[in-house]
Structures are given as C-alpha cells and as structure tokens.
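What the coordinates show
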Amino acid sequence: MGESGVFWLVVSHSLSSYLQDQASFVDALLDRLLPSAETRPATLHQAMRHSVFAGGKRLRPILCLAASEACGGTREAAGFVACAVECLHTYSLIHDDLPCMDDDDMRRGVPTCHKVYGEGIAVLAGDALQALAFELVTRTQPAARHSTGAMVAELARAAGSLHLVGGQVADLEGEGKALPLEDLTFIHEGKTAALLTASVTLGAMSADVDEEAMAALRRFGMATGLAFQIIDDILDVTQSSEKLGKSAGKDLAAEKSTFPALLGLDASRDRARELTAEARGALEVFGVRGERLRQLADHLLARDF
Ligand code: GRG
C-alpha cells in the first residue's frame, strides 16, 4: 500500500475503534496463550488469569502492534511479542501490589492478586507470567535483521536490574526522601519508560525494523514512557480511586517523590507536553506510517487534560 493509502487507513479508522479492536485482538490471543483456569495447578492459573483479564488498558501491546504497523509489519507476526509485554507488565503489577512493596488492595478495578489468592500464590503467579513472557518472545518468528536471541535480550534488558527492577529498587529506597529530579527521572525511566520502549522496539523487530528506525523508536519510547508516568503521578493526586481502578493518593501516603510534588501540577503538565512533542519529533523517519504512534502519544498525554 502506498504512503497516502496508509494515511487514509489510519485517519479513517478512529483512534477509539482502533484501541478497542487491538485490545480485543490481544485479549483473544492472551486467552489462547495462557493455560486454562482448570490446568493443574488450577489456583496458580486462576491467579494469573485473574490479573491478566482484570481489565488493563493494554497500552503496551497496542503500542507494540502500532510500531510493527509503522514498520510495515502485520499484527499476526507481532501478536506474541505484544502478549509478552502485557504478561511482563502484569507480573510487575502483581509484585508491585504485594504487602512488601506498595501494599495495594485494588488494581484494574478488582481486588489485587494477593488479596484473592494469598501472597504465596501471587508471587508465583507473577513469576510464571514473567517466564511466559520470555517463552512468547521465543515463539515469535525471527526477522532477517533480528534473531530470537536479540528479541529475548531486548525484553530482558527492560525487565532487569538496570531498568524495571532497578527502578523499583530506587523507588523503594527513595520512600520518605525528597528526591532530586534526576533521581526521580531515573526511577521512572526504569519502572515505566523502559518496558514501554521495549514494547515498541519488539513490535518493530518482529517487522524487521532497520537501525535508524529502531533508534527513533527508542527515543519515542523513552519520551512517551516518561510523559506517561508524569501523567500517572498527576492522576494519582487529581483522580478518585474509583476512576483509577486502584487506590488514589498512594504516592503521598507512602511519602514518595513525584513530579507534581517536585514541580507542581502545571509544570508537570508542561513537562509531559514537552516530552510528547519530543516523542512525536522522533517519529519523523516514519513519515505518514508513524501517524498511529503519534495519535497514541497524544492519547496518553490527553488522559489528564
Ligand atoms: C521483582 C519482587 C519484584 C518486584 C518487581 C518491577 C516491579 C516489581 C514493579 C514496577 C512496576 C510498576 C508498578 C511500574 C509502574 C508503571 C505503571 C504506570 C503502571 C500502570 O500502567 P497502566 O496504567 O496499567 O498501563 P493497566 O492496568 O492499564 O495495564
């Protein structure tokens, strides 16, 4: 399909129906890929399914599919990596909610995994989802430029001690302290932006992305991810628990440093806008093919406006 054909396809398929359609595709695939609730040990599989199907927004898999699209790929080829990032994300939420971490009772509008299944099963459900995420990457068809090993390494880097887990440690150790902006940025780049970035790069790798576009997607992912977390911090103080589907005001209660606490609400919003502009700028290399990713960056920013 030519450039203008792609553009018309994007604008004629409204963002809300695109989000719904991609989320349904991901949900159906996840349902197929997760062991059934009756599979032994049933409690473990029920716990995994409880958290995965509790109603997340599926932003990471949707970004993954949109990045694959921007590189000329199909959602069928990107489906397993899209499900992999959602499984990894859900594991991180289950563990983040544990009493030894953020100690939360509600997530995605339902009781947290450990509240329903107990702490032991919740830890293990998170572990199993993390393992499943890597298995799904290995089941993705490698592309000419990207081996299975390279795709596994991409997810492992985002999930490990330098990013997701490292960011969580810095977050835990920062409780009760007034952190400088640099430390807060380190936490959010690790906890949030790295997996968001891996979501777009893995989708693109499944579509055989070249080096230039891959570098552009890394810039896009980090800027969008940080903007997303700033908005998340803002929503934590401006929205109700009911609207968020998780306990609001948690950051303040845990004496966590946040962007609104450090910069104020207006400057935090300005920073999120700047980062979104930066993310859009990174997409130049894609021309009209990057239109869906541009829309998604704007959509994430608009959650608060
Ligand atoms: C290894 C014990 C152990 C714990 C690791 C890494 C980790 C636990 C936790 C960090 C994960 C975390 C909670 C990051 C914050 C990212 C964030 C903004 C999550 C909410 O994302 P949404 O809004 O959620 O996309 P939904 O529910 O829609 O998917």
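The structure contained in this document is the topic of the report that follows. (Residues numbered from 1 in each chain as written. Predicted model: local features only at pLDDT ≥ 70, side-chain atom pairs only at ≥ 80, totals over all residues. Heavy atoms only, no water.)

Overview of the pattern of salt bridges
What counts here: A carboxyl oxygen of Asp or Glu within 4 Å of a side-chain nitrogen of Lys or Arg is what we treat as a salt bridge. Where helices and strands are cited, they refer to DSSP runs of H or I of at least four residues and of E of at least two residues respectively, numbered from the N terminus. The buried label applies to any residue whose accessible area, calculated with a 1.4 Å probe on protein chains only, is under 20% of its type's maximum; exposed applies above 50%, and partly exposed to all values in between.
Tallied over the full model, the rule gives 21 salt bridges. Measuring nitrogen to oxygen at the nearest pair gives 3.6 Å for the salt bridge that ties Arg 75 to Asp 21. Here Asp 21 lies in helix H2 (residues 15-33) and Arg 75 lies in helix H5 (residues 75-96), a separation of 54 residues in the sequence. The shortest N-O distance in the salt bridge between Lys 256 and Asp 171 comes to 3.0 Å. Residue Lys 256 is located in the loop between helix H13 (250-253) and helix H14 (259-263), and its partner Asp 171 is located in helix H9 (residues 164-174); the two are separated by 85 residues in the primary sequence. Assessed through its relative accessible area of 11%, Lys 256 is described here as buried. Overall, Asp 171 belongs to the buried group, its relative accessible area being 8%. Through salt bridges with shared partners, a single ionic network connects Asp 27, Arg 58, Glu 86 and Arg 108.

Let's talk about the site of the ligand
Put simply, the test is: By convention in this text, a residue qualifies as near a molecule or strand provided that one of its non-hydrogen atoms is within 4 Å of it. Pairing of N or O atoms within 3.5 Å defines a polar contact, subject to two protein rules: one partner must be a possible hydrogen donor and the other a possible acceptor, and residues neighboring in sequence count only if both atoms are side-chain atoms. A 1.4 Å probe and the Shrake-Rupley method give the accessible areas. Residues count as covered only by the protein chains that appear here. Amino acid classes used here: Ala, Val, Leu, Ile, Met, Phe, Trp, Tyr, Cys and Pro are nonpolar; Asp, Glu, Lys and Arg are charged; the rest, including Gly, are polar.
What surrounds the ligand is a group of 19 residues, the closest being Lys 57, Arg 60, His 89, Asp 96 and Arg 108. His 89 places a side-chain nitrogen or oxygen 2.8 Å from an oxygen atom of the ligand. Compared with its free state, where it exposes 750 Å², the ligand has 88% of that area covered by protein. Those elements that place two or more of their residues in the shell around the ligand are helix H4 (59-70), H5, H9, helix H10 (181-206) and helix H11 (211-238). The element best represented in the shell around the ligand is H5, accounting for six residues. Of the residues contributing to the shell around the ligand, the split by class is six nonpolar, seven polar and six charged.

Looking at the packing of H4 against helix H16 (residues 291-302)
Under the convention used in this document: Helix axes are fitted to C-alpha atoms over the stretch in contact, other axes to C-alpha atoms as well, and angles between N-to-C directions run from 0 to 180 degrees. Angle categories are assigned with fixed cut-offs, so that under 35 degrees is roughly parallel, over 145 is roughly antiparallel, 65 to 115 is roughly perpendicular, and the rest are oblique. We call two residues contacting when some pair of their heavy atoms lies within 4.5 Å.
Two elements in contact, H4 and H16, have axes separated by 9 Å at closest approach and are oriented at 155°. With respect to each other, H4 and H16 are oriented roughly antiparallel. Contact residues: Leu 59, Ile 62, Leu 63, Ala 66, Ala 67, Glu 69 and Ala 70 in H4; Arg 292, Leu 293, Leu 296 and Leu 300 in H16. When the residues that make up the contact of H4 with H16 are grouped by side-chain class, the tally is nine nonpolar, no polar and two charged.

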